[in-house]
Amino acid sequence: MSNTGTVREALHDLPQIPTERLLLRRLRLDDAEDLFAYASDPKVTATLVWETHLSIDDSVAFLQQVIASYAEDAGAVWGIEDNESGRIIGTISFNTIRGEGYIGDVGYALARPYWGRGLMTEALAAVLDYGFRHMGLHRIEATCRDTNVGSYRVMEKCGMLHEGTLRDGRYVKGRLETFRIYASLRREFGRTNRRQG
């Protein structure tokens with residue numbers, strides 16, 4: 001039995017998700033300057049699969065694509081808004097949903113001034129919770145380069161288990177890269193995540 005109907009319903013008018021220090025919300029065109037501020041930072045994009053934004057037009061084009069996906073109930077991209085400043089400081093999203101709607105792949109990016117403060121762990125825990133509780137997902141995966149210690153520490157803090165290493169397993173930005181793969185299953189999530197309640 002397919003879970004795609006539950007996924008589509010959960011993504012219809014993508015809801016806001018408040019956390020202690022953040023608000024995960026739909027992106028808007030007026031977020032372009034905030035988005036460009038970190039998407040144009042080569043130190044942020046160095047470990048990501050997408051290219052550095054070279055102009056504000058790149059950020060606007062990305063936002064237009066995301067907004068169009070919301071209109072089709074297919075958008076699973078949340079902007080990460082910092083409660084203190086009211087600025088968008090990153091994004092977190094389900095990049096793909098497959099396996100008849102039971103398996104999701106999550107990815108994220110965060111502005112460099114906000115690294116090391118536990119904010120991405122907070123955001124990821126909230127999105128894992130939403131994926132399991134409201135989207136009906138059975139398995140949520142995430143990958144990162146094996147050199148991106150900060151990223152896989154976030155996954156570990158959220159209870160995701162390291163399932164293996166894809167040696168030279170992705171061709172990214174003109175070269176083969178080794179990636180680590182992590183995953184959580186719905187039946188494990190309540191026991192292992194640190195975001196209780």
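Residues numbered from 1 in each chain as written. Predicted model: local features only at pLDDT ≥ 70, side-chain atom pairs only at ≥ 80, totals over all residues. Heavy atoms only, no water.

Visitor: What is the right way to look at the overall build of the protein in this model?
Guide: What the protein contains, in helices and strands, is seven helices and eight strands. Taking 2.2 N^0.38 as the reference for a compact globule, 197 residues should give roughly 16 Å; the C-alpha atoms of the protein span a radius of gyration of 16 Å, in line with that estimate. Its C-alpha atoms put the protein at 45 × 40 × 30 Å along the principal axes. Across the 197 residues that make up the protein, the buried fraction comes to 50%. The long-range fraction of contacts in the protein, counting pairs at least 24 apart against all pairs at least 6 apart in sequence, stands at 65%. (Helix = DSSP H or I, 4+ residues; strand = E, 2+ residues; numbered from the N terminus. Rg over C-alpha atoms; globule rule 2.2 N^0.38 Å. Buried < 20%, exposed > 50% of the residue type's maximum accessible area, 1.4 Å probe, protein only. Contact = heavy atoms within 4.5 Å.)

Visitor: Hey, could you run me through the nonpolar core in this one?
Guide: What tends to happen in soluble globular proteins is that the nonpolar side chains get buried as a cluster. One finds Leu 24, Trp 78, Ile 92, Phe 94 and Leu 124 to be the most contacted residues of the largest nonpolar core, which totals 52 residues. What Ile 92 contacts, discounting residues up to four positions off in sequence, is Leu 24, Ala 76, Val 77, Trp 78, Ile 80, Val 106, Gly 107, Tyr 108, Met 120, Ala 123, Leu 124 and Val 127. (Core = buried A, V, L, I, M, F, W, Y, C linked by side-chain atoms within 4.5 Å.)

Visitor: When you look at the packing of aromatic side chains in this model, what are you seeing that I'm missing?
Guide: How two aromatic rings sit relative to each other is set out by the distance from centre to centre and by the angle between their planes. Tallying each qualifying case throughout the model produces four aromatic pairs. When the ring of Trp 78 is compared with that of Tyr 130, the centres are 5.7 Å apart and the planes differ by 80 degrees; the resulting orientation is edge-to-face. Residue Trp 78 is located in strand S3 (residues 77-82), and its partner Tyr 130 is located in helix H5 (residues 119-133); the two are separated by 52 residues in the primary sequence. Owing to a relative accessible area of 10%, Tyr 130 belongs among the buried residues under this scheme. Seen in terms of ring centroids, Tyr 152 and Tyr 182 are 6.2 Å apart; in terms of plane orientation they differ by 15 degrees. Their pairing is stacked. (Phe/Tyr/Trp six-rings, centres within 6.5 Å; stacked < 30°, edge-to-face > 60°.)

Visitor: I tried to follow the sheet that holds strand S7 (residues 161-172) on my own but got confused; where do I start?
Guide: Two strands in a sheet stick together by hydrogen bonds in their backbones, pointing the same way (parallel) or opposite ways (antiparallel). Pairing in this open sheet of eight strands is mixed, and the strands run S1-S2-S3-S4-S5-S6-S8-S7 from one edge to the other. Unpaired on one side and paired on the other, strand S1 (17-18) and S7 mark the two borders of the sheet. Summarising the sheet, strand S6 (residues 139-145) and strand S8 (residues 175-185) pair through seven bridges and their orientation is antiparallel. Residue Arg 145 lies in a different strand from S8, and its bridge partner there is Phe 179. Packed on one face of the sheet, helix H2 (residues 32-39) meets strand S4 (88-98) and strand S5 (103-110) and runs near 85 degrees to S4. The sheet contacts of H5 involve S1, strand S2 (22-25), S3, S4, S5, S6 and S8, and relative to S4 the element is tilted by about 35 degrees. (Pairing = 2+ DSSP bridges. Axes fitted to C-alpha atoms, helices over the stretch in contact; angles between N-to-C directions.)

Visitor: When you look at the packing of H2 against helix H4 (residues 56-71) in this model, what are you seeing that I'm missing?
Guide: Each pair of packed helices gets described by two things: the angle between the helix axes and the distance between those axes. Where H2 contacts H4, the axes come no closer than 9 Å and their chain directions differ by 115 degrees. Regarding H2 and H4, the two cross each other, and that crossing is right-handed. Every residue of H4 that contacts H2 at Ala 32, Glu 33, Leu 35 and Phe 36 is listed here: Ile 56, Ser 59, Val 60, Phe 62 and Leu 63. Among the residues forming the contact of H2 with H4, the class breakdown is seven nonpolar, one polar and one charged. (Left-handed = near helix turned anticlockwise from the far one by under 90°. Nonpolar A, V, L, I, M, F, W, Y, C, P; charged D, E, K, R; others polar.)

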